[in-house]
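What the coordinates show
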Amino acid sequence: RPDTLLLGLIGAGIQRSLTPSMQMEEARHHGLRAHYQLIDLDRFGGSTADLAPLLWSARAMGFAGLNITYPCKQAVIPHLDALSDEARAMGAVNTVVIREGQLIGHNTDGSGWARGFTRALPQADLSAVALLGAGGAGAAIAHAALRLGVERLRIVDADAGRAQALADELNRLYAGARASASPDAAHALAGASGLIHATPTGMAKLPGLPLPAEWLHGGLWVSEVVYFPLETELLRTARALGCPISDGGGMAVGQAVGAFELFTGRTPDAARMERHFHQL
Ligand code: NAD
């Protein structure tokens, strides 16, 4: 009997996460027996201070890997033995591979966004892009967008200092990068070819549009990160204007595709994982 592949997710408030189902279903198709354990800090009154014993235990129990989510993506870093280039650049880890007793941190959020985005909008004009939201998701996407070839990236955040800090960091890390902070979305969208939305606005618990509808027009492509629900008000509005769109499911699936590859060393079937996600 083959060993069971032990995987897990460490985070807070993760009971409704779709990641366990995505990972276990893909493992099944590869003939692997997998168990995916939710390690929910909220369930046992835990905090990031518990990361050291949790990681120690996962290693002791023979876990092959862990996904890491809010609020642990930065806090986990000091506990790891090494980081991938991407995780180091982003200063955030969403996937830990445990191999031969070593804990290696990776980040598949940005590459996951890029995977979903290029699948949905392979012809997208990357000359000038507005990014709304410079938090965890926005920062991961910003790195990936520059790696993908976005020429000018204008970043907007309600916290202007956060947008500026991210732009400075990107310009420092990527030779030739042209990232800047914009004071508002209207400024960022002037002459832009696309809009990436990475604030929580539009989530079921935070409905609405993240910017005035009249700032959108049919000449923009729109990439959304929110995926509860998949069809946000922003996407509905953009679709009605004729904008090519990429929904938040692409990133959710894309990060899982990347993590599966890292956990197992096998090539997942991205289209199959996407179909499964849409059934959940
Ligand atoms: P976060 O809190 O780290 O960052 C959100 C940022 O948006 C903050 O910096 C905040 O100041 C800014 N902001 C909020 N409203 C704004 C507005 N109207 N205009 C400008 N800036 C505004 O959150 P996060 O972890 O980055 O998550 C953001 C969203 O992305 C959430 O809805 C989350 O569910 C989603 N997400 C999706 C995926 C996916 O796989 N599709 C992955 C991660 C996060």
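**A closer look at helix α10 (residues 270-279)**
Along α10, the residues classified as buried are Met-273, His-276 and Phe-277. Mapping the buried residues of α10 onto a view down its axis gives an arc of 105°, with all of them on the same face. Turned more than 90 degrees from where α10 packs its buried face, Arg-275 and Gln-279 sit exposed. Among the structural elements, α1 (19-29) and α9 (249-264) are those in contact with the buried residues of α10.

**Here's the deal with the sheet that holds strand β1 (residues 5-11)**
Ordered by their spatial adjacency, six strands build an open sheet running β2-β1-β3-β5-β6-β4, and the pairing between neighbours is mixed. Both outer strands of the open sheet, β2 (34-40) and β4 (82-83), are each paired with one neighbouring strand and no more. Taken together, the seven bridges between β1 and β2 define a ladder with parallel strand orientation. Each bridged residue has a counterpart across the sheet, and for Gly-11 the counterpart in β2 is Asp-40. Strands in contact with α9 are β1, β3 (65-68), β5 (95-99) and β6 (102-106); relative to β5, the strand with the most contacts, it is inclined by about 10°.

What counts and what doesn't
Residues numbered from 1 in each chain as written. Predicted model: local features only at pLDDT ≥ 70, side-chain atom pairs only at ≥ 80, totals over all residues. Heavy atoms only, no water. Buried < 20%, exposed > 50% of the residue type's maximum accessible area, 1.4 Å probe, protein only. Helix = DSSP H or I, 4+ residues; strand = E, 2+ residues; numbered from the N terminus. Arc of directions from axis to C-beta. Contact = heavy atoms within 4.5 Å. Pairing = 2+ DSSP bridges. Axes fitted to C-alpha atoms, helices over the stretch in contact; angles between N-to-C directions.

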